[in-house]
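# Coordinate analysis (summary)
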Amino acid sequence: MEKRLRSSLQTSAEEFLSSAAKLPYKSSKSAIKTLINTSIKPSSDLSSTLPISLCDAVSHAISQFQNLSTSFCTGSPLTPPAKRVRRSARNKKDDCASPTQRQENERQRISEKLQVYTYILHLCVFHPRNVFSVSELLPAAKELHDNLFLFESDSVLLSEIANLCEEWWKGGLLGKETLISQSLAVILSRSLTLNKKVDVHRVYTVRDALSLFDFEDESIEDLKNLLIRCVISPLYLKTEEGRKFVAFLFSLSVQLTKEMCAMIKSQIPFERKSILEAYGEIVFRAWKAEEAKCKDEIENGFLQGLVESAVYASSAALAASIRRILCGFVNQRTTEGVEKLFFCLAEPVIFRSLQVANSNVRQNALHLLLDLFPLEDPDATKEAKDMLLEKQFFLLEKLLLDECPEVRVVAVEGCCRVLHMFWEVIPSPTITKIISIFFENMSLDACTEVRLSTVSGIIYLLGNPQSHEVLKVLLPRLGILIMDSASVVRAAVTDLLLLLKDIRNFHFHKIVGLDVLLSTLADDQPNIARKITKLLLPSYFPSKVTEEEACKRCITLIKRSPTAGARFCEFAASEGASLKSLMKLFNVLIGLTLSSVKLDDEQIEGLLVSASHLCTDLAKEASFLAALKEELSAEKLKTLFAVASTARAQSSICHIISTTSLDAVGDFFGDCLGFITNCSGLSDNIEMQAQVSSAHKIFLSCGWFDDMFEALVGFLQGVAYGCHVKFGIELGKQRARSAIRMKTKSSLKISSKAKQSNRKKSSNTGEDRFLEDYAIAVGIAWQIKDLLLSENTRNAMFGSRTLESAYLALKVISEASVVHCLQYDYFNTYPVSAYTTLSLHMALHNIKTGSKNSTQATTMDLTLDHLLQCADKVFSANNNKKSEFLSESDGCQTGTFNLVNHGVIFFISTTVKTFTEVLKFIVDATAMNLTLHYQERCLNFTTETLKFITANLREHAVAQLQLTEEDLKDIFVCLKSSFTYGAKLLSIVLKTREDSSLPQAEAHSLVNELFNLIVSVEEFLGYGYGARFITVVQPWVPDLILALGSSFLLKDTPLEVDTYENATFSSWFSILAKIELYELRETHSDEEVRNTKDFAAFKRIVEAMCKLLKSNEKILDAVGVVFLNCSLNALKNKNLDILLGLVHFVCVKLVGADDGEWKELKLMLASLGEIYSKVGIDEAEEICESEEDRQKLYSAKALLEPVWTSFIYNETRDSMDEE
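Residues numbered from 1 in each chain as written. Predicted model: local features only at pLDDT ≥ 70, side-chain atom pairs only at ≥ 80, totals over all residues. Heavy atoms only, no water.

- Within an unreviewed UniProt entry, the label attached to the protein reads Condensin-2 complex subunit G2, and the organism entered is Erythranthe guttata.

### Re the overall build of the protein
- Check the secondary structure of the protein and you find 59 helices and zero strands.
- Across the 1219 residues in the protein, those meeting the buried criterion constitute 53%.
- Within the protein, residue pairs in contact and separated by at least 24 positions form 75% of the contacts whose partners lie at least 6 positions apart.
- Carbon and sulfur atoms make up 50% of the accessible area of the protein, which amounts to about 55,400 Å² in all. (Helix = DSSP H or I, 4+ residues; strand = E, 2+ residues; numbered from the N terminus. Buried < 20%, exposed > 50% of the residue type's maximum accessible area, 1.4 Å probe, protein only. Contact = heavy atoms within 4.5 Å. Areas by Shrake-Rupley, 256 points an atom, 1.4 Å probe, with all protein chains shown as cover.)

### A short note on a nonpolar patch on the surface
- Together, Leu-444, Ile-480 and Met-483 make up a nonpolar patch on the protein surface, roughly 350 Å² of accessible area in all.
- Here Ile-480 lies in the loop between helix H24 (468-474) and helix H25 (487-501). (Patch = residues over 30% accessible without salt bridge, like charges linked within 9 Å, V, L, I, M, F, W, Y side chains within 5 Å. Salt bridge = Lys/Arg side-chain N within 4 Å of Asp/Glu carboxyl O.)

### Considering the pattern of salt bridges
- Using the criterion set out here, one finds 41 salt bridges in the structure.
- A salt bridge links Arg-451 to Asp-484, with the nearest nitrogen and oxygen atoms 2.6 Å apart. With a gap of 33 residues between them, Arg-451 in helix H23 (residues 448-461) and Asp-484 in the loop between H24 and H25 connect regions that are remote in the sequence. Residues Arg-451 and Asp-484 agree in their burial class; the two are buried.
- Here Asp-617 makes a salt bridge to Lys-620, at a shortest N to O gap of 3.9 Å.
- Owing to a relative accessible area of 15%, Asp-617 belongs among the buried residues under this scheme.

### Some words on helix H38 (residues 705-727)
- In this model H38 runs 32 Å from its N-terminal to its C-terminal C-alpha over 23 residues, within 8% of the 33 Å that 1.5 Å per residue would give.
- For H38, a buried count of 17 out of 23 residues is recorded, marking the element as mostly surrounded by other parts of the structure.
- Gly-728 lies just past H38 and shows a positive phi near 75°. (Expected span 1.5 Å × (residues − 1).)

### Quick look at the nonpolar core
- With 408 residues, the main nonpolar core has Phe-438, Phe-586, Phe-979, Phe-1098 and Phe-1123 as its most contacted residues.
- Beyond its immediate stretch of four places on either side in the chain, Phe-1098 contacts Phe-1011, Ile-1014, Val-1015, Glu-1018, Ile-1030, Trp-1068, Ile-1071, Leu-1072 and Ile-1075. (Core = buried A, V, L, I, M, F, W, Y, C linked by side-chain atoms within 4.5 Å.)

### A closer look at the side chain of His-655
- Along the chain, His-655 turns up in helix H35 (residues 647-660).
- Among the polar contacts made by the side chain of His-655, one reaches the side chain of Thr-616 at a distance of 2.8 Å. (Polar contact = N/O pair within 3.5 Å; in protein donor to acceptor, adjacent residues only side chain to side chain.)

### A few points about the confidence of the model for the protein
- Chain-level pLDDT for the protein is 83 on average; 84% of the residues reach the 70-or-more range.
- Per-residue pLDDT stays below 50 along residues 733-737; that stretch engages in three contacts with residues further than four places along the chain or on separate chains.
- The low-confidence segment residues 1082-1093 (pLDDT under 50) makes 19 contacts with residues lying over four places distant or belonging to another chain. (pLDDT = per-residue confidence, 0-100.)

### Looking at unusual backbone geometry
- Residue Pro-374 is bonded to the preceding Phe-373 through a cis peptide linkage, with omega at -10°.
- Examined against the element boundaries, Pro-374 turns out to sit in the loop between helix H19 (359-372) and helix H20 (382-400).
- A positive phi angle, near 55°, is found at Asn-846, a position not held by glycine.
- Examined against the element boundaries, Asn-846 turns out to sit in the loop between helix H44 (830-844) and helix H45 (859-887).
- Phi angles above zero are rare outside glycine, and Asn-929 is one such case at about 65°.
- Here Asn-929 is to be found in the loop between helix H46 (899-927) and helix H47 (935-955).
- We classify Asn-929 as partly exposed; its relative accessible area is 47%.

### A look at the state of the cysteines
- For the structure shown, the criterion picks out zero disulfides.
- For the unlinked cysteine Cys-261, the closest cysteine sulfur is that of Cys-294, found at 9.4 Å.
- What makes Cys-261 buried here is its relative accessible area of 5%. (Disulfide = S-S within 2.5 Å.)

### Comments concerning the side chain of Asn-464
- When you line up the elements, Asn-464 lands in the loop between H23 and H24.
- Within the local environment of Asn-464, its side chain forms a polar contact with the backbone oxygen of His-420, the two atoms lying 2.8 Å apart.

### Remarks on the packing of helix H3 (residues 25-39) against helix H6 (residues 99-125)
- Orientation of H3 relative to H6, taken along the N-to-C sense of each, is 30°, at an axis distance of 11 Å. Between H3 and H6, the interaxial angle falls into the category roughly parallel. The interaxial crossing formed by H3 with H6 has right-handed handedness. In this structure, H3 contributes Tyr-25, Lys-29, Ile-32, Lys-33 and Ile-36 to the contact, and H6 contributes Gln-115, Val-116, Tyr-119, Ile-120 and Leu-123. (Axes fitted to C-alpha atoms, helices over the stretch in contact; angles between N-to-C directions. Parallel < 35°, antiparallel > 145°, perpendicular 65-115°, else oblique. Left-handed = near helix turned anticlockwise from the far one by under 90°.)

### Quick word on the environment of Asn-37
- If you trace the backbone, Asn-37 turns up in helix H3.
- In sequence terms Asn-37 and Phe-126 are 89 residues apart; their C-alpha atoms lie 9.6 Å from each other.

### Considerations on the packing of aromatic side chains
- Taken as a whole and judged by the stated rule, the model has 36 aromatic pairs.
- Where Phe-373 meets Phe-393, the ring centres are 5.5 Å apart and the plane angle is 70°; that geometry is what we call edge-to-face. Here Phe-373, found in the loop between H19 and H20, pairs with Phe-393, found in helix H20; they are 20 residues apart in sequence, far enough to count as distant. Take Phe-373 and Phe-393: they sit in the same class, and that class is buried. (Phe/Tyr/Trp six-rings, centres within 6.5 Å; stacked < 30°, edge-to-face > 60°.)

### Here we look at a negative patch on the surface
- Together, Asp-214, Glu-216, Asp-217, Glu-218, Glu-221 and Asp-222 make up a region of like negative charge exposed at the surface.
- Locating Asp-214 in the fold gives a position in the loop between helix H10 (197-205) and helix H11 (221-231).
- Owing to a relative accessible area of 45%, Asp-214 belongs among the partly exposed residues under this scheme. (Lys, Arg positive; Asp, Glu negative; His and termini not counted. Charge placed at Lys NZ, Arg CZ, Asp CG, Glu CD.)

Quick look at the structure:
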């Protein structure tokens, strides 16, 4: 290759160029470079002939390229471009290629030829010995540059030519101005497309070329667009040279500056912090280097607008984003002119805005003042500066006591920052006044955020040593906040104490007393307890004393406050205590517990719980785990169990055994079994739940799980037998014998403590004994749910031979809990919850029961059918005997249902919670597609449950009961759960069922009851709870809409569908109608019309429904006809209030009177026509009983008439046009 090139070079320039153009570009570059750099000398003829030949060759190649482009464009636009063919295969394929392919191949060949020419031109221009004249090479370069637009499809050639022009410019060569207009656009476009830093560097190096352009000329619009794109390019904003380049653009043109400022403003609401800070830096650079005309645009156009927007921003987030850009100047306020600039921009706006009525404006203005503080005129006199500073402090003090909590929070944080930064120069009276407000007002503020900001501000202020002398006296006033109701405030106080611990001359125990600290350590959340442990660690387990002394101090802490000492040991390792020292402490704790030292039960419990926590940390290290096993012999464990008199102490020993996997535990089976069977009250005792879980781990690790589970099931069967005796629930002979046998067998394994407990029970009456046994069954039900959570215990349970017995026992107990929940107040939801959870897991693992029907039905089917039958009994009893319950309220037996005494509280806490568990089970099973044959029954059950809730709420209005806030919260939680599960079930059914098989009537009934529940919550619990309930409702609004119109979505006319007369009497339709009447009437004196304030929350849901419905005409038609059918039924029942209210809602809120909106609503128009035909003058005489009724009917007709007459007119016109 090199030989041929050298030979052609010696022949002539034309021959050299022709030979080079025939070679592959990439492989020939090295040879071409060597030849040109070494073979051509200043005395050679080629130094003069090669530039001319090169120019001719370039011109000829470009002419060929243009001709091909023209002919290619006139060809068929449908023909795709040919695949790029390898050079070596061209000759073979040219014969069989299509004309289009041949044209494309030729274009590619010319393109590669131009690449070679461009490379040769580059070598000649930058020849190491300068043998060529630049003026002679310029024509060829100009020819390539001026035709750059031709090569847009060839990125390689485009890049080569642009690189040549760039190097020409950077070299300052002759004619560089003529080679930049096209190439600069290419370089810019490349940097924006490829997103490489090297391209940004290239653009930055040729930035001076932009000064050659006239930016007022319209022909430069494309280049301007590229430059403006640089303003929003993340790559340009991230790199230093990119930001410098964007700042340079501001100097090019006033119009370009305006457009760039507008682009930056448009990005403010969306960009992240780093980008906004980059904009601030860019604008500051531009302002600092600008000419007068562009500087004025930045100051008075851009910055002035930002200052005003920062004050009047619609949201705090937007205001913060604007201030981040302004901080580009604020951080450079020492630069000459910046202080004066911001004084002129902000002073006219900021002081006025700090005192306006709008709290958002005050807050935004305060943020801006704090960023600019101190705001002063550098040219003013000292007296004027002092007066302005005094004015700012006066406003800050005023805003500390602002009525808006958000403003107070900002004021506290800002004042602390100002004091921290300017303590030395602020007058002492001003400091005293502000600090006094902190400790006297802010620390006791009703708003949690204000109290938190006060503590956080003091922590920040302590960073200035000048403040210590004043704060040392005042800080004890903050000690009370360690008992604050908000955990974040308590956590902040502990952070303050940790900071004071490391500051000389401060003593944290003088801020918060030791007794208070220990009380907080014992009872507070883990994160706060951990911080207090860190605070006390140097005092009660120091690393700088001997291990014996450290253990002695910790024992003192445990004896003083056993619970606090146990929490201290729980977090000691995580806060830096040595594991070696903790192992020593563990041994001391065990030894002290076993010693003859007189200790009370609480102290023994504290020692054992502390040892348990230490064991958890020590067992993570293999060496310490071995030491633990060596320390805990069987004899010691037995003695520890004998000493442990409380359940928590025994649980701690169980936890130690399960953590260390001790082998010598064979003698403790009875003790552990008695521990888990004495579980009355377990479901409400979180601490006891953790203890029982530890015992479960022991049984599993020691291989005793089957015996434990058999004992639990035996007790459940005994309770099931008690339910059979007390309530007559069918048990079966074989099952009854199994219950007695299991109960007898399991009782042999109960510890002596459990037997003593059972003997105490036997002395009580049968009723009391059943109550105590049922309470233990509730605890066992909780344990079964807990065992199902872990895969190991779940598998062990499914492998037990007593699994079916557990299921059947829970079935009987659950039936008693559901069917008789209205009669007895001691029933609990946990048996039902355990029953349903076990059924779900058995269904998922395909485990069947041994009942007679198991071949025809799965466990899931049996459970679901059983629970629905139980619910039917409750609903039937409630409907038939509600009056009997009320009449017996004065003389009912102990433990029976007394509706008057218990009221809504009892009703919510038992019946609804029980039904909610069933509903949760139904929803879970439906989501897993396990209830296909029961969906209608499930929907009916949910509907009846919601009816039950709303009916009882309505009958026993909360306003007539003496309910505490806790009672209301309990009720509200139950109502939220009921609604959520009902809506979720509805959603699942709508999604999983085919349209033809959708249970339309059941779905329609359920959605009406869901709406009834919404209005009932607001009606009987008040607007506050109603508004909170709406947040639960809002995510389900689309599903409610679909369910409401599901009956009509597939129908062409309303005549095919029942009109659902019962829907007319749903309370939510009545409420909606009355709301509309209230808005419709000019005077609101009618007492029957409720004030719309009573249902403000419900109105929000209605507005959301209208907004969604207007976006889909088909669904709007299906839902709108429901409202019109209800109006029609109201007319039939002569309920003209509901008629007028619903017609007003449909014709004003839902659709409107414009005939264009009604054009596609065929179902609604058909129903509307039927209503219109029945509200005429003749019908009015028959329907209306008074003049007021007649006026209501005429008002309804007036709303319908424009729509109906317009529809009739359009129909008539269309029919005439067809004829």
